[in-house]
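Chain by chain, the residues:
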Amino acid sequence: MLPESNMTFKELTDWYLDLKTIKKLKSHTRIKQALDNFHQTFSNMIMGNIKPVYLENYQEDREGRGRAPATIDMEISIAKTMIIKAFDNDMVDGRVLKAFRSVKRKLKKGSNARKRTLAFDEYIRLINEAPQHLRAAIIIAFNTGVRTGEIRLLKWSYIDR
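From a predicted model like this one, the values you see are computed outputs, not experimental measurements.

**Digging into the side chain of Gln 59**
Right, on to step 1. Within the secondary structure, Gln 59 sits in helix H4 (residues 52–64).
Right, on to step 2. Residue class for Gln 59 comes out buried when judged on its relative accessible area of 4%.
Right, on to step 3. Within the local environment of Gln 59, its side chain forms a polar contact with the backbone oxygen of Lys 104, the two atoms lying 3.0 Å apart.
Right, on to step 4. Dropping the residues within four chain positions of it, Gln 59 is found in contact with Ile 72, Asp 73, Ile 76, Val 103, Lys 104 and Lys 106.

**Brief notes about the environment of Ile 127**
Right, on to step 1. Along the chain, Ile 127 falls in helix H7 (residues 120–129).
Right, on to step 2. On a C-alpha basis, the gap between Ile 127 and Ala 137 in space is 10.0 Å, while along the polypeptide they are 10 residues apart.
Right, on to step 3. For Ile 127, the residues in contact, after removing those within four places along its chain, are Arg 135, Ile 138 and Ile 139.

**Observations concerning the confidence of the model for the protein**
Right, on to step 1. Per-residue confidence for the protein gives a mean pLDDT of 86; residues scoring 70 or more make up 93%.
Right, on to step 2. Mean pLDDT in the protein bottoms out at helix H9 (residues 148–152), which sits at 80, and peaks at helix H2 (residues 20–23), which reaches 93.

**Some points on the packing of aromatic side chains**
Within a pair of aromatic rings, the relevant descriptors are the distance that separates the centres and the angle that separates the planes.
Right, on to step 1. Summed over all chains, the structure comprises 9 aromatic pairs.
Right, on to step 2. With 4.3 Å between their ring centres and 25° between their planes, Phe 38 and Tyr 58 make a pair best called stacked. Here Phe 38 is found in helix H3 (residues 28–42), whereas its partner Tyr 58 is found in helix H4, with 20 residues between them in sequence.
Right, on to step 3. Through a chain of ring-to-ring contacts, three or more aromatic side chains come together here, namely Phe 9, Phe 38, Phe 42, Tyr 58 and Phe 100.

**With respect to unusual backbone geometry**
Right, on to step 1. At Asp 90, a residue that is not glycine, the phi angle is positive and equals roughly 55°.
Right, on to step 2. Relative to the elements of secondary structure, Asp 90 occurs in the loop between helix H5 (69–88) and helix H6 (94–101).

Rules used throughout
- Residues numbered from 1 in each chain as written.
- Predicted model: local features only at pLDDT ≥ 70, side-chain atom pairs only at ≥ 80, totals over all residues.
- Heavy atoms only, no water.
- Helix = DSSP H or I, 4+ residues; strand = E, 2+ residues; numbered from the N terminus.
- Buried < 20%, exposed > 50% of the residue type's maximum accessible area, 1.4 Å probe, protein only.
- Polar contact = N/O pair within 3.5 Å; in protein donor to acceptor, adjacent residues only side chain to side chain.
- Contact = heavy atoms within 4.5 Å.
- pLDDT = per-residue confidence, 0-100.
- Phe/Tyr/Trp six-rings, centres within 6.5 Å; stacked < 30°, edge-to-face > 60°.

So, in C-alpha cells, the structure goes:
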C-alpha cells in the first residue's frame with residue numbers, strides 16, 4: 001500500500017507546516033496562505049488522486065478569479081516544494097511529484113515587467129494626496145527605484161547624506 005493511498009492534501013499540509021524548519025522561515029505566513037488557497041480545491045483529496053489536469057484547472061480557476069500569473073505560479077511552487085519534501089521523506093511516491101512537476105508556469109519570461117512609467121504631474125498629485133506617513137516612502141521609491149519591501153527595511157543608519 002502506497003503512503004499517499006489514504007493521506008489527504010490537508011493532512012500533508014498540516015505535517016509540512018508543523019515542521020520546525022518551515023515554522024522558522026520568515027515566509028511561513030505566506031506559505032500557509034498559499035497552501036490555504038490550495039485547500040479550497042484539494043483539501044480532502046487523496047494525494048495519489050491529484051493529477052496534472054486538476055492542477056491546470058486550479059490555475060485556470062485562480063486566473064478566473066483575477067489572480068496574477070505570478071501569484072498562481074508562486075502558489076504552485078510552494079505546494080510543489082511541500083510535495084518534494086514529502087517525497088524525500090517517503091510520504092508520497094513519484095506519481096504525486098510527477099503531477100506537480102509537469103504543470104507549466106502561467107507567467108512567461110519577461111511578461112511581468114512594468115510597462116507604465118509614472119508621469120511627473122502624476123507623481124506630484126500622488127505626493128499631495130498620499131497620507132503623511134506614506135509620503136517619504138513614495139519619494140524614496142520614485143527617486144531611487146527601490147522596491148517597497150526594501151523601503152520597509154530601511155533604517156536611518158543606512159542613509160548617506
